[in-house]
Amino acid sequence: MSDSQSAFTIANDVRSGRQRARDILEQHLERIDAREADVHAFNLVLRDEARANADAIDAAVAAGDDPGALAGVPIALKDNLCTRGIDTTCSSKILQGWKPPYNATVVDRVHAAGAIALGKTNLDEFAMGSSTENSAFGATRNPVDLSRVPGGSSGGSAAAVAAGFAPLALGSDTGGSIRQPAALCGVVGMKPTYGTVSRYGLVAFASSLDQVGPFARDVRDAALLLETIWGHDPMDSTSIASPLPSLLDGIDKGVAGLRVGIVEELTDVEGIDPEVRAAVGKAAAALEAGGATVDRVSVPSTMYGLDAYYLIAPAEASSNLARYDGVRYGLRGAGDDISVMNANTRNDGFGSEVKRRIMLGTYALSAGYYDAYYGQAQRVRTLIVRDFARAYEHFDVLLSPTSPTIAFEFGSKTTDPLAMYLSDVCTIPTNLAGHCAISVPYGNDSVHQMPIGVQILGRELADALIFRVARALELSRGA
Amino acid sequence: MSVITSANGTQWEIVSGLEVHCELATNTKIFCSCANRFGDEPNTNVCPVCLGLPGSLPVLNEKVVEYSLRVGEAFHFTVPASSIFHRKNYFYPDMPKNFQTTQYDEPICADGWLEVDGTRIGITRAHLEEDTGKSTHMGGDGGRIHGASHSLVDYNRAGVPLLEIVSEPDIRSAEQAAAYVDELRSTLKAIGVSDVKMEEGSLRVDANVSVRPVGTDGFGTRCEIKNLNSLKSLRDAMDFEAMRQIEILEDGGSIKQETRLWNENEGYTASMRSKEEAYDYRYFPEPDLVPVAPSDELRAHVRATMPELPAARRDRLKAELGISEQDARTLLSTDGLADYAEAAVALGAPPRDAALWSTQDVSAHLNLVGRGADASGLDPSLLVEILQLVADGTVSRNQGKEVFAAALAGEGRPGEIVVARGIAQVSDTGALAAVVDEVFAANADAVAQWQAGDDKMRKKKRGFLMGEAMKALKGQGNPQLLNQLLDERLP
């Protein structure tokens, strides 16, 4: 992993002809060949397509063309991003074999920037989970310790980057599905402000929370990838129309003068591993040393984020996943009658966690319960937005753990959904508020030497600012 | 208001509100750029969005908003600063996402009204939604899903924009319901937002019907009647349903709230599903769309470009052309006909004649051309010319109609046709008098009978002699002059 090159280096070298995209690709395919059988980051590796694309990049460079900001950079795509003519499964049996007739906007954008799609990465089925154990095609293992989960739901993307299979990966984050696996695998993962990255072609889990974002081994690479994919998309009505700032221009400006608040409700509560809490403290100290002021801040309603999330996300999911009925595509169950066929398709095709959330969401939206559940959850969401707004009157960015714990062992939480849900307690409030947040590796735990991630939270459209703080933290690690 | 008197003499009235689904005639669908076109090969106007493929997202068609604003203006609606879409969740194979994206409690148009024959019918709301695909059930009984061996689904219609216009329960008879739909339809057509073809399904009407004894003002339990494919089926179904309910109530029974299907061939309504079987649609706000907030510029543009509405135009036609309400309605019932009459008037035709020749002769021509023909391509100067030829006595009124029909059929200018066919009115008094004298001489019996007869006999014989004279003139005698000569010369 240490010999892996950054996306910046690769792109610069390929654009200038110093390295060939094909050679870069072969190096990464060799790493995949060596370790993928253990890690299982991918549902599908696109060897032939990747080789053809890499050769095309090299040909373009040879012809004097500039292939773009990600020229020749291998990238792993979460398998809930639509890829034209290429299986897109969401790690669900119900979509096994389905080949979308179109690309997700983000897929088109990385292609247009010259990146080489290496494959489709494993996830918890339909992005529902925090360990990638809910995949219909087998769990992904944490490359740092194969007996532990990589986190989830974007566990395959996090593992691919951590294992050196690709310098970059795309994931999706609905309640922490980028940041939590990034923390558990020791890589950078970022959830952009809602509306900055197109969701067109991202298979929906919970539409008002889903956002595509980058994984990378360092902060600048993550910013480079986000700059490539974000910006208005007329195909997504929730996409922000106004121009977005550069993420890289001011990324090295440091933190002098910034006000940083440690969120008490996400840091000091029960269930946060003391070593994780200590890492947040160290990160705060490093920022102070860099000239920032640090204080503690209460954002009270974030305590109820988990409860609100587990009503809103399943409610939207119950509707989003209704289309998987065996009529038009994907798995078709047996049955002479349409309703029997629908039921068998869904019974055979969905795993237990997906079924649990569909039932939760259906219940939460039912006549007579809507106001008590879905309605109440939306009111909590409003309170979280309000409380964050108050905090941001006094602070530029907020700080907290990304995950309450380090990567846990396989099977340790699969029998207790509520314990699993707690993995996202620190990340969920950002999704509910539509804000941005980034997880940066900040040390390892002393017992297992597993990575710990620290989360930097920003208000709406503070993406560039949290990258800057993340970059400062990253640099302080070496100090 | 029309009263229904039952067998035992009790007087009842209908209480009804209508739900009208109007397909908006935009070029493209409501949430994607697929063509919105009726009658194409199945599943040719489809894309990831209207097929609801995983990962696809809706984007609201701006024309749909503009058309809704037109409807808002036409029916005196309030169009709020912002309205939103919801998801209506239920499973049905012709609905690609298994939810319908529709407006729910915050519609784009609220609190409007429409005046029908002097009565104001309240319109609660008009809300936007996407149409579903169309299922054809094969091998079963009467095209229903039950018993079918398989079903074919065409998604061309999936995502066609619909505006559902929901009236208040202000309607008191089947006739009034039909008049309401007729006025609604002609208004929607005039403002250019829909084809309003009930037979093609671009206008679909569901009727909520209850009954109550005349003089009471509570509401009875209502039934919703579906499958009404014409104004006639609307009237027939409502009258049938009212009688059905009256008979149940007079037998001491009670009405079950349910949805009933009109059987057009047999002429009755039958239960489709009861209220207890109604779905729980689990409505919630559509997270993939942002609120609909029409700009001030769009509102101003729509206001500035609203055409004259049918009711106002009827009033103007009545006043300017000196015609009856019925003639004004006839002029507006065929595309382009009123425009044709008005264009002829603008070119100098006498207004009333221009209107009446349009309702009679132009309509007759269009009927010959075929169903759906409209007057927009016809030359109004033909009517101006023929009316001139009639006025100056070159041709008689009946000859004029013959020549006009030929001219509309493309045989040439009216003047040319008169020459080509040798049609010319004989207005030479001397020549006409000679013919009258010949007819009298040849029909002395008739003249004698006229002399001896009572009024009735005189009228009969005078008509006979007039006919003989016209026959001798090959129909080309000036009828006014002939009449005059007959009066002068009969003994």
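Residues numbered from 1 in each chain as written. Chains lettered and ligands numbered in written order. Predicted model: local features only at pLDDT ≥ 70, side-chain atom pairs only at ≥ 80, totals over all residues.

Time to look at the overall build of chain A. For chain A, the count of helices and strands is 16 helices and eleven strands. On C-alpha atoms alone, chain A measures out to a radius of gyration of 21 Å, which is about the 23 Å that the 2.2 N^0.38 rule sets for 479 residues. Taken along the three principal axes of its C-alpha coordinates, chain A extends 65 × 55 × 45 Å. Counting every position in chain A, which comprises 479 residues, the buried fraction comes to 63%. Relative to all contacts within chain A whose residues are 6 or more apart in sequence, the contacts with residues 24 or more apart total 76%. (Helix = DSSP H or I, 4+ residues; strand = E, 2+ residues; numbered from the N terminus. Rg over C-alpha atoms; globule rule 2.2 N^0.38 Å. Buried ≥ 20, exposed ≤ 12 C-beta atoms within 10 Å, placed from the backbone. Contact = placed C-beta atoms within 7 Å.)

Here we take up the overall build of chain B. Helix and strand counts for chain B stand at 15 helices and 14 strands. Taking 23 Å as the expected radius of gyration for a compact globule of 491 residues, we find that chain B reaches 30 Å, considerably beyond that expectation. Taking the principal axes of its C-alpha atoms as reference, chain B extends roughly 90 × 60 × 45 Å. The burial tally for chain B puts 41% of its 491 residues in the buried class. Put simply, of all contacts in chain B between residues at least 6 apart along the chain, 68% involve residues at least 24 apart.

A few words now on the confidence of the model for chain B. On average, residues of chain B carry a pLDDT of 92, and 99% of them reach 70 or more. Overall fold confidence for the complex sits at a pTM of 0.90, while the interface term, ipTM, reaches 0.96. (pLDDT = per-residue confidence, 0-100.)

Another point: the domain arrangement of chain A. Residue and element names in this part refer to chain A. Here chain A is partitioned into domain 1 (7-229), domain 2 (259-300 + 384-478) and domain 3 (308-371). The gap between the C-alpha centroids of domain 2 and domain 3 is 33 Å. At the interface, four residues of domain 2 touch four residues of domain 3. At the level of elements, α14 (417-421) and α15 (428-433) are the ones that each hand at least two residues to the side of domain 2 that touches domain 3. (Domains from an automatic or database assignment.)

Let us now look at the packing of helix α8 (residues 351-369) of chain B against helix α10 (residues 397-408) of chain B. Residue and element names in this part refer to chain B. It is the contact of α8 with α10, at a shortest axis distance of 10 Å, that shows an interaxial angle of 45°. Of the possible angle classes, the one that applies to α8 and α10 is oblique. Crossing hand, α8 versus α10: right-handed. Where α8 abuts α10, its residues Asp-361, Val-362 and His-365 lie against Lys-401, Phe-404, Ala-405 and Leu-408. (Axes fitted to C-alpha atoms, helices over the stretch in contact; angles between N-to-C directions. Parallel < 35°, antiparallel > 145°, perpendicular 65-115°, else oblique. Left-handed = near helix turned anticlockwise from the far one by under 90°.)

Let us now look at the pairing of strand β4 (residues 99-103) of chain B. Regular strands place their side chains on alternate faces of the sheet. All names here are of chain B. Of all five residues that make up β4, four are buried, and the element is covered over most of its length. Across five bridges, the pairing between strand β3 (residues 85-89) and β4 is antiparallel. Bridge pairing in β4 links His-86 to Thr-102. (Pairing = 2+ DSSP bridges.)

So, about the nonpolar core. Counting 232 residues, the largest nonpolar core has Ile-75, Val-397, Ile-466 and Val-469 of chain A as its most contacted members. The residues touching Ile-75 of chain A, leaving out its near neighbours within four places in the chain, are Val-110, Ala-115, Ile-116, Ala-117, Leu-118, Ala-166, Leu-168, Ala-169 and Leu-170 of chain A. Grouped together as the second largest cluster of nonpolar side chains are 34 residues, Ala-328, Leu-331, Leu-378 and Ile-386 of chain B included. (Core = buried A, V, L, I, M, F, W, Y, C linked by C-beta atoms within 7 Å.)

Turning our attention to unusual backbone geometry. In this structure, the amide linkage connecting Gly-152 of chain A to the following residue, Ser-153 of chain A, adopts the cis form with an omega of 10°. With a phi angle near 60°, His-76 of chain B is a residue other than glycine that sits in the positive phi range. Tracing the backbone through its elements, the reader meets His-76 of chain B in the loop between α1 (62-74) and β3. Exposure remark for His-76 of chain B: the 14 C-beta atoms within 10 Å place this residue in the partly exposed category. In the Ramachandran plot, Asp-111 of chain B falls in the positive-phi region, its phi being about 55° despite a non-glycine side chain. With respect to the element layout, Asp-111 of chain B can be found in strand β5 (residues 109-116). You can call Asp-111 of chain B partly exposed: it has 13 C-beta atoms within 10 Å.

Bringing the domain arrangement of chain B into the picture now. Residue and element names in this part refer to chain B. For chain B, the assigned domains read domain 1 (4-301), domain 2 (308-420) and domain 3 (429-489). If you average the C-alpha positions of domain 1 and of domain 2, the two centres end up 37 Å apart. Of the residues assigned to the side of domain 1 that touches domain 2, the class counts are two nonpolar, two polar and one charged. (Nonpolar A, V, L, I, M, F, W, Y, C, P; charged D, E, K, R; others polar.)

We now examine the sheet that holds strand β9 (residues 397-401) of chain A. Residue and element names in this part refer to chain A. Pairing is mixed across the open sheet formed by eleven strands, whose spatial order is β1-β3-β2-β4-β6-β5-β10-β11-β9-β7-β8. Edge positions in the sheet fall to β1 (42-45) and β8 (293-297), since each has one partner strand and no second. Each neighbouring strand pair of the sheet contributes to a mean axis angle of 25°, computed without reference to strand direction. Where strand β5 (residues 188-191) lies against strand β6 (residues 212-216), two bridges are found, and the strand directions are antiparallel. Looking at the pairing, Val-188 lines up with Ala-216 of β6. Where helix α5 (residues 155-162) meets the sheet, it contacts β1, β2 (74-78), β3 (116-121), β4 (168-172), β5 and β6, and its direction lies at approximately 165° from that of β4.

Moving on, we get to the interface of chain A and chain B. Contact residues are listed per partner, giving 34 residues for chain A and 25 residues for chain B. Listed by contribution, the elements that provide at least two residues to the side of chain A that touches chain B are α10 (305-320), α11 (338-349) and α12 (352-365) of chain A. It is α10 of chain A that contributes the most residues to the side of chain A that touches chain B, three residues altogether. Residue classes in the side of chain A that touches chain B are distributed as 19 nonpolar, nine polar and six charged.

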